[in-house]
2 protein chains.
Amino acid sequence: MVLRRRDTLLFETPPVIAAWAAAGGKKESEGPLASGFACLTQQADFSGEGCKNWEQAESLLQRKAADACLRKAGISKKEIDLAFAGDLQAQCTASNYTMRGLGMPFAGVYGACSTMAETLGLAACFAATGMARQVLAMTSSHFCAAERQFRTPLEYGAKRTPTAQWTATAAGACLLRGPGQQGVPVRSVTFGRVQDYQVRDINNMGAAMMPAAAATLLRYFTATHTAPTDFDAIFTGDLGEVGSALLREQMEKEGVPLPNHRDCGCLLYDTAAQNVQAGGSGAGCSAAVLCAHILPKLQTGAYRRVLFAATGALMSQTTFLQGESIPSIAHCVELGGGDRQ
Amino acid sequence: MVLRRRDTLLFETPPVIAAWAAAGGKKESEGPLASGFACLTQQADFSGEGCKNWEQAESLLQRKAADACLRKAGISKKEIDLAFAGDLQAQCTASNYTMRGLGMPFAGVYGACSTMAETLGLAACFAATGMARQVLAMTSSHFCAAERQFRTPLEYGAKRTPTAQWTATAAGACLLRGPGQQGVPVRSVTFGRVQDYQVRDINNMGAAMMPAAAATLLRYFTATHTAPTDFDAIFTGDLGEVGSALLREQMEKEGVPLPNHRDCGCLLYDTAAQNVQAGGSGAGCSAAVLCAHILPKLQTGAYRRVLFAATGALMSQTTFLQGESIPSIAHCVELGGGDRQ
């Protein structure tokens, strides 16, 4: 049974994330979460595996995450009822080409860097209601594909501003199953509303996305009569250092301080040492942090109950050049045990 | 209760499309379905309403379809629990900026020209299970925004091949409600699987998408033990003249001829007279044909039971230049009354 409280869908008998896997590249292998990845490569162009460009490489990375997830679950791709996937490439092609190889029923989604929470939320809804028995939720990003598409080709050697974030070369995949099965419970889903505080700086995504994270979290707390301290951690992704500081300041002003806030963009890399400016970003960043860090800690009991609120900046290279401000969105998924209040 | 038969979700107590609206531009106003549009403009750049570029104009067009749909339903935007929307612009920005103005909980989707069936299918699933009481499903496309993004700027005056299709300047919006309410029933949803028959001609989308239409329809008929003649019409969208001929030929070979096949790309315009080459296309094409033609006929009883199988070509301008073949997908939604067999 699914209850609706304002924007939040509460699963009385929660579906579960039965298996998960993260895949990443060289920089991710040098970061603090490396040990949590199911698959890491030192050559993220995958030229040794026949990839001719960054776009194909990203598709293969996503495929590796999917394959590792299915392996852990002990099932074949034929047993998946439905897959939700998306990515940052124009026309979501990383996912489209991955799904060409997987051949499952597929619904493509787009939520920029919030995509992992969106796919996870949709998959949880389908698993909770029995509309699909085994559902895949996944997403990816690739630094080199994203730089060329959104900024400049790598060969230009453009300087990055201190507020810029580093698009992760990473993918994450989760397998969801219906209530009563083994895995990490998904307790609720909150689909976000688009926010736009007129930030126009394409090199400051954290500031652009912060209002969306704040809005969705506030709506969630109000709807569920919970407080941040009811959770072991509240994850956003990917606000980076700049956006995270702004979020904590804003939530303080709203009277809902976040003492246990973590941001996926600040977790994937050692921000100070790895030259990633304000932190990680990209649809694969929060996906990888979810699969390499959050879910393992929920499985071992190190975390009991967390919020995963991934954020996305909804502009394009075209709207940016047209001088448009950057709208953003955040979807929130509640994970783990804990009594409903 | 939702039953799963292979890839098809059957709604025992079907949700309904309670209201709908199509919006279109000049060429659409000169086509055979003009009288079915809720909103038609002779100046689709909407410069008179403050739009500075084609991308903003497409967002406004989508907004006009949404507003007309809400007006017909007699509700305000605040009463919508969730909206599914998508479009062809890179990073789905037409929908993102429309949703910025609407401010509803929003899940962005991408299925290229299949997007209307995808949003409709997802919305039906949420309405059928009570996860959302009032759900908006919508999409759009704009000829001028699409030409610049996928082909060349209009100012180049490029010649079009006879197999090319004309991206509709159109949007469609549907409001879905749960079972037992007034409207056109949604009886089932079939999410498609990606097909790729190695078509590489960006000017022959119909041929690229035909295998997806055939695959989804065949899966639907097998799962539901139905035959094409159980339906008043089977709509695909948008295969155009070339893809439609190929589909009928292919289905004949499969032993499942389609005597009642119609294609949205062949319905929106007078193909011979309106200089649209092989017909219409774009995410707004099948959306507009759904809202301006199919749903009104289901409402009056002129159609009793139809299939709406929208098709999408899942490449991008980047993958095309990289020499990739064009994957495609088709999602199918069953509309109207009729006994389940």
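Computed from a predicted model, the values in this text were never measured in an experiment.

A. Main features of the environment of Asn-203 of chain A. Residues and elements named next belong to chain A. As for its placement among the helices and strands, Asn-203 is situated in the loop between strand S10 (184-190) and helix H6 (205-224). Expressed as a C-alpha distance, the spacing of Asn-203 and Gln-165, which sit 38 residues apart in the sequence, is 7.4 Å. Apart from the residues lying within four places of it in its own chain, the contact partners of Asn-203 are Arg-151, Thr-161, Thr-163 and Ala-164.

B. Here's a closer look at the interface of chain A and chain B. In this complex, chain A contributes 56 residues to the contact, which on the side of chain B involves 56 residues. Together chain A and chain B conceal approximately 4,500 Å² of surface at their shared face, both sides included; 57% is due to carbon and sulfur atoms. Scanning the region where chain A abuts chain B turns up six salt bridges. Put simply, Arg-100 of chain B and Asp-196 of chain A hold a salt bridge, and the shortest N to O gap is 2.5 Å. For the pair chain A and chain B, the number of links is 29 residue pairs in polar contact (both at pLDDT 80 or more). At five residues, helix H3 (residues 93-102) of chain A tops the list of elements feeding residues into the side of chain A that touches chain B.

C. Helix H9 (residues 283-300) of chain B, seen in detail. All names here are of chain B. Along its 18 residues, H9 runs 25 Å from first to last C-alpha, staying within 8% of the 26 Å computed at 1.5 Å per residue. The largest bend along H9 measures about 40° and falls at Leu-290. Across the 18 residues that make up H9, a large majority, 14, are buried. Of the residues one or two after H9, Gly-301 is the one with positive phi, at around 95°.

D. Expanded view of the packing of helix H2 (residues 54-73) of chain B against helix H3 (residues 93-102) of chain B. All names here are of chain B. In the contact formed by H2 and H3, the axes pass within 8 Å of each other and the chain directions differ by 55°. Between H2 and H3, the angle falls in the class oblique. In terms of crossing hand, the pair formed by H2 and H3 is right-handed. Here Glu-58, Ser-59, Gln-62, Arg-63, Ala-66 and Asp-67 of H2 come into contact with H3, specifically with Thr-93, Ala-94, Ser-95, Tyr-97, Thr-98, Gly-101 and Leu-102.

E. Seen up close, the relation of the copies chain A and chain B. Superposing chain A onto chain B takes a rotation of 180° plus a shift of 0.0 Å along the axis, which leaves an RMSD of 0.0 Å. The operation mapping one copy onto its partner corresponds to a two-fold rotation axis. The position closest to the rotation axis in chain A is occupied by the C-alpha of Val-109 of chain A, lying 1.9 Å away. When you check the interface residues of chain A against chain B, 100% turn up at the interface there too, and the contact is symmetric in its surfaces.

F. Region of interest: the packing of H2 of chain B against helix H5 (residues 143-150) of chain B. Residue and element names in this part refer to chain B. Where H2 contacts H5, the axes come no closer than 8 Å and their chain directions differ by 135°. One way to sum up the angle between H2 and H5 is to call them oblique. Note that H2 runs across H5; the crossing there is left-handed. Facing H2, whose interface residues are Trp-54, Glu-55 and Glu-58, H5 presents Cys-144, Ala-145 and Arg-148. Classifying every residue of the contact of H2 with H5 gives three nonpolar, no polar and three charged.

G. A look at the pattern of salt bridges. Taken as a whole and judged by the stated rule, the model has 28 salt bridges over all chains. Put simply, Arg-100 of chain A and Glu-324 of chain B hold a salt bridge, and the shortest N to O gap is 3.5 Å. Within this pair, whereas Arg-100 of chain A is found in helix H3, its partner Glu-324 of chain B is found in the loop between helix H10 (317-321) and strand S15 (328-336), the two belonging to separate chains. Between Arg-193 of chain B and Asp-7 of chain B there is a salt bridge, and its shortest N-O distance comes to 2.7 Å.

H. Structural detail: the environment of Pro-296 of chain B. Residues and elements named next belong to chain B. The residue Pro-296 is located in helix H9 in this model. In sequence terms Pro-296 and Gly-36 are 260 residues apart; their C-alpha atoms lie 7.8 Å from each other. Non-local contacts of Pro-296, meaning those with residues more than four positions away in its chain, are made with Trp-20, Leu-290 and Cys-291.

I. Focus on the pairing of strand S5 (residues 82-87) of chain A. Residue and element names in this part refer to chain A. Taken across its six residues, S5 has six buried, putting it largely inside the fold. Neither face of S5 is exposed, since Leu-82, Phe-84 and Gly-86 on one face and Ala-83, Ala-85 and Asp-87 on the opposite face are all buried. Pairing of S5 with strand S7 (residues 134-141), which is carried by six bridges, proceeds in the parallel orientation. Directly across from Ala-83, in S7, lies its bridge partner Leu-136. Pairing geometry for S5 and strand S6 (residues 106-108), over three bridges, is parallel. Across the sheet, Ala-83 pairs through a bridge with Phe-106, a residue of S6.

J. Fine view of the packing of aromatic side chains. Counted according to the given criterion, the structure contains 14 aromatic pairs over all chains. Their ring planes at 70° and their centres at 5.7 Å tell us that Tyr-220 of chain A and Phe-221 of chain A sit as a pair that is edge-to-face. With a relative accessible area of 0%, Tyr-220 of chain A lands in the buried category. Of the residues examined, Phe-221 of chain A reaches a relative accessible area of 6% and is grouped as buried. Among the aromatic residues, those joined into a ring-pair cluster are Phe-84 and Phe-126 of chain A together with Phe-191 of chain B. Cation over ring: Lys-27 of chain A sits above Trp-166 of chain A, and NZ or CZ is 4.1 Å from the ring centre.

K. Fine view of the side chain of Glu-28 of chain A. All names here are of chain A. Residue position: Glu-28 is located in helix H1 (residues 26-29). No salt bridge is formed by the buried Glu-28; the nearest opposite charge belongs to Lys-27, separated by 7.7 Å. Engagement of the side chain of Glu-28 in a polar contact is seen with the backbone nitrogen of Thr-169, the distance being 3.1 Å. A distance of 2.4 Å separates the side chain of Glu-28 from the side chain of Tyr-269, its partner in a polar contact. Leaving out residues up to four positions away in the same chain, Glu-28 has contacts with Ala-34, Phe-37, Leu-40, Ala-168, Thr-169, Ala-170, Leu-268 and Tyr-269.

L. Broad picture of the pairing of strand S3 (residues 16-24) of chain A. All names here are of chain A. Counting buried positions over the nine residues of S3 gives eight, a clear majority of the element. Pairing geometry for S3 and S10, over two bridges, is antiparallel. Looking at S10, one finds that Val-16 is bridged to Pro-185. Of the pairings in the sheet, the one linking S3 to strand S4 (residues 39-40) comprises two bridges and is parallel in character. Residue pairing for S4: Gly-24 is matched across the bridge by Leu-40.

The rules we used
- Residues numbered from 1 in each chain as written.
- Chains lettered and ligands numbered in written order.
- Predicted model: local features only at pLDDT ≥ 70, side-chain atom pairs only at ≥ 80, totals over all residues.
- Heavy atoms only, no water.
- Helix = DSSP H or I, 4+ residues; strand = E, 2+ residues; numbered from the N terminus.
- Contact = heavy atoms within 4.5 Å.
- Buried area = accessible area lost by both parts, 1.4 Å probe.
- Salt bridge = Lys/Arg side-chain N within 4 Å of Asp/Glu carboxyl O.
- Polar contact = N/O pair within 3.5 Å; in protein donor to acceptor, adjacent residues only side chain to side chain.
- Expected span 1.5 Å × (residues − 1).
- Bend = angle between axes of the 7 residues up to and from the residue.
- Buried < 20%, exposed > 50% of the residue type's maximum accessible area, 1.4 Å probe, protein only.
- Axes fitted to C-alpha atoms, helices over the stretch in contact; angles between N-to-C directions.
- Parallel < 35°, antiparallel > 145°, perpendicular 65-115°, else oblique.
- Left-handed = near helix turned anticlockwise from the far one by under 90°.
- Least-squares fit on C-alpha atoms with pLDDT ≥ 70 in both.
- Nonpolar A, V, L, I, M, F, W, Y, C, P; charged D, E, K, R; others polar.
- Pairing = 2+ DSSP bridges.
- Phe/Tyr/Trp six-rings, centres within 6.5 Å; stacked < 30°, edge-to-face > 60°.
- Lys NZ or Arg CZ within 6 Å of the ring centre and 35° of its normal.
- Lys, Arg positive; Asp, Glu negative; His and termini not counted.

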